[in-house]
Structure formats: C-alpha cells, structure tokens
Amino acid sequence: MKRIVTVQDISCVGKCSLTVALPIISACGVEAAVVPTAVLSTHTAFQGFTFHDLTDEITPIAEHWKKENFKFDAIYTGYLGSFEQLRLMSKFFDDFGTDDNIVFIDPVMADNGRLYPGFTQEFADEMAKLCGKADIIVPNLTEACFMLRREYIPEDYDEAYIKGILKDLAALGAKNTVLTGVSFEKGKLGVMGYVSEEDRFFSYYTERIDVSFHGTGDVFASACVGALMRGLSLENSLKTAANYTVDSIKKTVAEPNHNTYGVNFEQSVPLLLEELEKNK
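Let me sum up the structure you'll find in this document. (Residues numbered from 1 in each chain as written. Predicted model: local features only at pLDDT ≥ 70, side-chain atom pairs only at ≥ 80, totals over all residues. Heavy atoms only, no water.)

## Things to note about the overall build of the protein chain
So the rule is basically this: For the purposes of this entry, the term helix denotes a DSSP run of H or I that reaches at least four residues, the term strand denotes a run of E that reaches at least two, and both are numbered from the N terminus. What the globule rule says is 2.2 Å times the number of residues to the power 0.38, and the radius of gyration is computed from C-alpha atoms. Here, two residues are considered to be in contact whenever any of their heavy atoms come within 4.5 Å of each other. Accessible areas in this description were obtained via Shrake-Rupley with a 1.4 Å probe; residue shielding takes into account the shown protein chains only. In this count, Lys and Arg are taken as positive residues and Asp and Glu as negative ones, while His and the chain termini are left out. All charge positions are set by atom: Lys at NZ, Arg at CZ, Asp at CG, Glu at CD.
A count of helices and strands for the protein chain gives nine helices and eleven strands. For the protein chain, the C-alpha radius of gyration of 18 Å lies close to 19 Å, the compact-globule estimate for 280 residues. Counting only C-alpha atoms and orienting by the principal axes, one finds that the protein chain spans roughly 50 × 45 × 40 Å. Counted over contacts in the protein chain with a minimum sequence separation of 6, partners at least 24 positions apart contribute 66%. Carbon and sulfur atoms make up 49% of the accessible area of the protein chain, which amounts to about 12900 Å² in all. Positive and negative side-chain charges in the protein chain, numbering 26 and 40 respectively, have mean positions lying 3 Å apart.

## Description of the pairing of strand β4 (residues 74–77)
Counted only if it meets this: Each residue is placed in one exposure class: buried if its accessible area under a 1.4 Å probe, protein chains only, is under 20% of its type's maximum, exposed if it is over 50%, and partly exposed if it falls in between. Pairs of strands are assigned from DSSP output, requiring at least two bridges between the strands. Handedness of a crossover is defined as follows: orient the strands so they point away from the viewer, and if the path from the first strand over the helix to the second runs clockwise, the crossover is right-handed.
Because side chains alternate across β4, one face comprises the buried residues Ala74 and Tyr76, and the other comprises Ile75 and Thr77, equally buried. Pairing analysis gives four bridges linking β4 to strand β5 (residues 102–105), with the strands arranged parallel. The residue bridging Ile75 from the neighbouring strand is Val103, located in β5. Crossover connection from β4 via helix α3 (residues 83–96) to parallel β5: handedness right-handed.

## Regarding the packing of aromatic side chains
Quick reminder of the rule: Planes of paired rings set the category: under 30 degrees apart is stacked, over 60 is edge-to-face and the rest tilted, where pairs are Phe, Tyr or Trp rings (Trp by its six-membered ring) whose centres lie within 6.5 Å.
Enumeration over the complete set of coordinates arrives at 15 aromatic pairs. Note on Trp65 and Phe92: the rings are 6.3 Å apart at their centroids and 65 degrees apart in plane angle, and the pair reads as edge-to-face. With Trp65 in helix α2 (residues 55–68) and Phe92 in helix α3, this pair connects stretches of sequence that are 27 residues apart. This pair shows no difference in class: Trp65 is buried, exactly as Phe92 is. Put simply, the rings of Trp65, Phe70, Phe72, Phe92 and Phe96 touch in pairs and so form one group of aromatic residues.

## Quick notes on the packing of helix α5 (residues 141–148) against helix α6 (residues 159–171)
The relative placement of two packed helices is expressed as an angle between their axes plus a distance between the axes. Here is the rule we go by: Axis angles are defined between N-to-C directions and span 0 to 180 degrees, where every axis is a line fitted to C-alpha atoms and, for a helix, only to the segment in contact. Put simply, angles under 35 degrees are roughly parallel, angles over 145 are roughly antiparallel, angles from 65 to 115 are roughly perpendicular, and the rest are oblique. In a left-handed crossing the near helix is turned counterclockwise from the far helix by less than a right angle, and in a right-handed crossing that turn is clockwise.
Orientation of α5 relative to α6, taken along the N-to-C sense of each, is 55 degrees, at an axis distance of 10 Å. Here α5 lies oblique to α6, going by the angle between them. Where α5 crosses over α6, the handedness of that crossing is left-handed. Between α5 and α6, the contacting residues are Leu141, Ala144, Cys145, Met147 and Leu148 on the first element and Tyr161, Ile162, Ile165, Asp168 and Leu169 on the second.

## Observations regarding the nonpolar core
This is how it is decided: Here, the term nonpolar core denotes a set of buried Ala, Val, Leu, Ile, Met, Phe, Trp, Tyr and Cys residues that are joined through side-chain atoms within 4.5 Å.
Judged by nonpolar contacts, the single largest core of 46 residues is most densely connected at Val5, Phe92, Ile105, Met127, Ile162, Ile165 and Leu179. For Ile165, the residues in contact, after removing those within four places along its chain, are Leu141, Ala144, Cys145, Leu148, Arg150 and Leu179.

## Some points on the sheet that holds strand β10 (residues 188–195)
In space, the nine strands of this open sheet follow the order β3-β2-β1-β4-β5-β8-β9-β10-β11, with mixed pairing throughout. Only two strands of the sheet have a single neighbouring strand rather than two, namely β3 (51–53) and β11 (200–207).

## Considerations on unusual backbone geometry
For Asp199, which is not glycine, the phi torsion reads 50 degrees and is therefore positive. Positive phi, normally seen in glycine, also occurs at Asn257, with a value near 55 degrees. On the secondary structure map, Asn257 appears in the loop between α8 (234–253) and α9 (269–278). Since its relative accessible area comes to 78%, Asn257 is described here as exposed.

## Quick look at the pairing of strand β9 (residues 176–182)
Two faces make up the sheet, and in a regular strand the side chains alternate between them. Most of β9 sits out of view: six of its seven residues are buried. Both strand β8 (residues 136–137) and β9 contribute to a ladder of two bridges, which runs parallel. Opposite Ile136, over in β9, you have Asn176 as the bridge partner. Direction of pairing for β9 relative to β10: antiparallel, over a ladder of six bridges. Of the residues in β10, the one forming a bridge with Thr177 is Tyr194. Hairpin connection between β9 and β10: a loop of five residues separates the two successive antiparallel strands, and Gly187 in this loop has a positive phi of roughly 85 degrees.

## Examining the side chain of Ser248
The topology assignment puts Ser248 in helix α8. On the basis of relative accessible area, Ser248 is assigned to the buried category, the value being 0%.

## Focus: the environment of Tyr157
Put simply, the test is: Any N or O atom pair separated by 3.5 Å or less is treated as a polar contact, with the protein-specific requirement of one donor-capable and one acceptor-capable atom, and with residues adjacent in sequence counted only for side-chain atom pairs.
Locating Tyr157 in the fold gives a position in the loop between α5 and α6. Look at Tyr157 and you get buried, because its relative accessible area is 11%. For Tyr157, the residues in contact, after removing those within four places along its chain, are Leu141, Ile162, Gly181, Val182, Ser183 and Phe184. A polar atom in the side chain of Tyr157 sits 2.9 Å from the backbone nitrogen of Ser183.

Written as structure tokens, this is what we have:
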C-alpha cells in the first residue's frame, strides 16, 4: 500500500484541509499520515472560531519519524499559515523527499484576485521559493499571479496568457505546474497543466457550476494525490479529481437544506472509485 503524508491544519467542524484529505486519500486505498499545523474549532468561514497553532510540534514529529525511518510515496502540503511553517516544510522536503517520491504543493493563500487575511506579498514570494522544490504544484490563477508578481486578469485572458504563467511557474523549479479554475469558454471550467521536461501542455474542462463552497480546492487536491498514488498519470489524476469535485458540488446543491460550509464529498466516493478504475 502506498503511503503519503499531508501537512495542513485541521478544523473540527468544516469540510476542508485534513478533514477532507484524510477520508478522500483513504477512500483511494492509500495510507495517509498527517502533520497537523493547527487545530481550529471550525474553519474560518465561521465567526468566533478557536485557533491553536501547532508549529512547534512539526520538528519533533519529523525527528521522531526520522528515527523510525519512515518513508513516504508522496508529501502533500495544503494551507501553511506562517513564514516559519514554510521554512519548516522546506527542511521537511529535504529530510523526506527522495528521487522516487512526489512533492505535491497546493499553495493555499489567495483567490479572486486577493490574498487571504494575514498573508502578504512577501509570504507569496516565500511560497514561490517553496514551490520551486515541488514535483507538482496546483495554484489557482490568483495564487500564481502573486507568486510571479504578475498582473491578475480575472476573465478576459487568452490561452497564451495561461501558458505563459505555467511556464513562469515551472521556471521557479517545479517540474509540473497546474492552474486550477481556468476557463476559455462560457459554462466550462477546468485545469491546464505544463510538463516542463517534455515542454508539453494539457487541459481538461468540466461543466461550470456557479456556486461557491469552502474547501472544494482541498477536495480536488486530495483526490488528485490519491489518484497519483493509485498509478494514474498526472493528466488522468487531474481529470479524476475534477470530475469528483464537480459531482460533490452537484450532490450538495441537490440536497434540500444542505450545509453551506462544505460539499458532500462523502456521497460522491462511489464516483471517485469509478473514476480511479476508468482512468487508470
């Protein structure tokens, strides 16, 4: 069985970060180890949430694991909340990264042209350096533009603009760069990626559903990592993750009085398993 380690926060209520990553990766038939970076009572869409920082636990956990000689087939990072956590992850990649495993970074820090509260351009600059150590990065367009210090164009971009961003991201050092939330056609939304070693682009699009839920990016990234560990190509892993995320959104909006704080990804697990078989 493949084993990954995912490094991100955990919200006790709310479908994002570790509460999404653990069940989805497990459903893929992959062992998931965790390094929790913080514990929150709920995710940040709620008012008055509690927050307990676990940055000081990262190094002791890593040191214990090194003594146990633990190995991982993938290292997957999500939301990292401070400069210190970025520094610690850089060392973590040095300690646990190998020529045979995958470093997968979802640089969660911005959307819709704006950085999330508490983040700065300087943080984006440091995240860009961390992404340079990755095999695969999956930013949205906003995150990519902040890391590259490029102008953010929300809608009226063309394919050349997106391809240029993907190549510039690869110039940071990442081997495979993917932009999520890309659209060139009304009613369609998807991903475009770039394989630097082959100088090759690829893309995949699904139906665009004009609703917004917290944590869908985490659903997508977790499903993609799980699919990669099941032996799917990067293109087919992204396709699997996109189809699964869209189905999760559809099942959520179809449910009367559905939760507004996350998608019903649990109900779409059967489709995820079908996609894993179909796209392998």
